Amino acid sequence: MSLVMKSNVNRRRVAKGFTLIEIMVVVLIIAIMAALVVPKILHQQVQAKITAAKSDLATMGAALQQFHLDCDRFPTTDEGLQALITPPSDVSNKFKGPYIEVLHKDPWQNDYHYTYPGQNGPDTFDLFSYGPTNQPGGEGDNAALYYGD
């Protein structure tokens, strides 16, 4: 084989790889696709946590209503949600619980908040999560979540 033929064979072998420009174009396309998809996935995760918190609030709210039916009162703020599991001493003969199995934290790993009496009157309660910020107020996905909303 002549030197010219060997040189042509070597060039063909080298030419089979990708150029830097081709690799950069592929990386750019992947980055653009990720920029479009990742926010949607993250928003779905946020919405899933909000839905889970609303479900927890509904479950605990129903348990508080059942506690009220059985014991003729809501737990005090000091007794808190723990009264749904362990009966307060003054209602132990009426208590038909536990009304929930475990006190879960909200999806952001913060405690749910309970106060009695609630802001809407003497025979109401407030049950809520401050959401991802664990601060009162907030807007949009960072808003506090309340039982009954």
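Procedures and definitions
- Residues numbered from 1 in each chain as written.
- Predicted model: local features only at pLDDT ≥ 70, side-chain atom pairs only at ≥ 80, totals over all residues.
- Heavy atoms only, no water.
- pLDDT = per-residue confidence, 0-100.
- Helix = DSSP H or I, 4+ residues; strand = E, 2+ residues; numbered from the N terminus.
- Patch = residues over 30% accessible without salt bridge, like charges linked within 9 Å, V, L, I, M, F, W, Y side chains within 5 Å.
- Areas by Shrake-Rupley, 256 points an atom, 1.4 Å probe, with all protein chains shown as cover.
- Salt bridge = Lys/Arg side-chain N within 4 Å of Asp/Glu carboxyl O.
- 1 Å grid on protein atoms, 1.4 Å probe; cavity = no way out; pocket = protein on both sides within 12 Å on 5 of 7 lines; lining within 4 Å.
- Points joined across faces, edges and corners; volume = space filled by probe spheres on them.
- Buried < 20%, exposed > 50% of the residue type's maximum accessible area, 1.4 Å probe, protein only.
- Pairing = 2+ DSSP bridges.

Caption draft 1: A look at the confidence of the model for the chain. Per-residue confidence for the chain averages 85 on the pLDDT scale, and 88% of its residues sit at or above 70. Mean pLDDT per element in the chain: helix α1 (residues 3-15) is the minimum at 54, and strand β2 (residues 126-129) is the maximum at 96.

Caption draft 2: Region of interest: a nonpolar patch on the surface. On the surface, a cluster of nonpolar side chains totalling about 470 Å² of accessible area is made up of Leu28, Ile32, Leu36, Val37 and Ile41. Position of Leu36 among the secondary structure elements: in helix α2 (residues 20-71).

Caption draft 3: Structural view of the layout of surface pockets. Computed from the structure, the largest pocket encloses a volume of approximately 200 Å³. In terms of lining, the largest pocket is formed by Gln65, Thr115, Gln119, Asn120, Phe125, Asp126, Leu127, Phe128, Tyr146 and Tyr147. For the lining of the largest pocket, the element with the most residues is β2, which contributes three residues.

Caption draft 4: View of the pairing of β2. Burial along β2 is two-sided: Asp126 and Phe128 facing one way and Leu127 and Ser129 facing the other are all buried. In the sheet, strand β1 (residues 113-115) pairs with β2 via three bridges, with the strands oriented antiparallel. Following the sheet pairing, Tyr114 is matched in β2 by Leu127.

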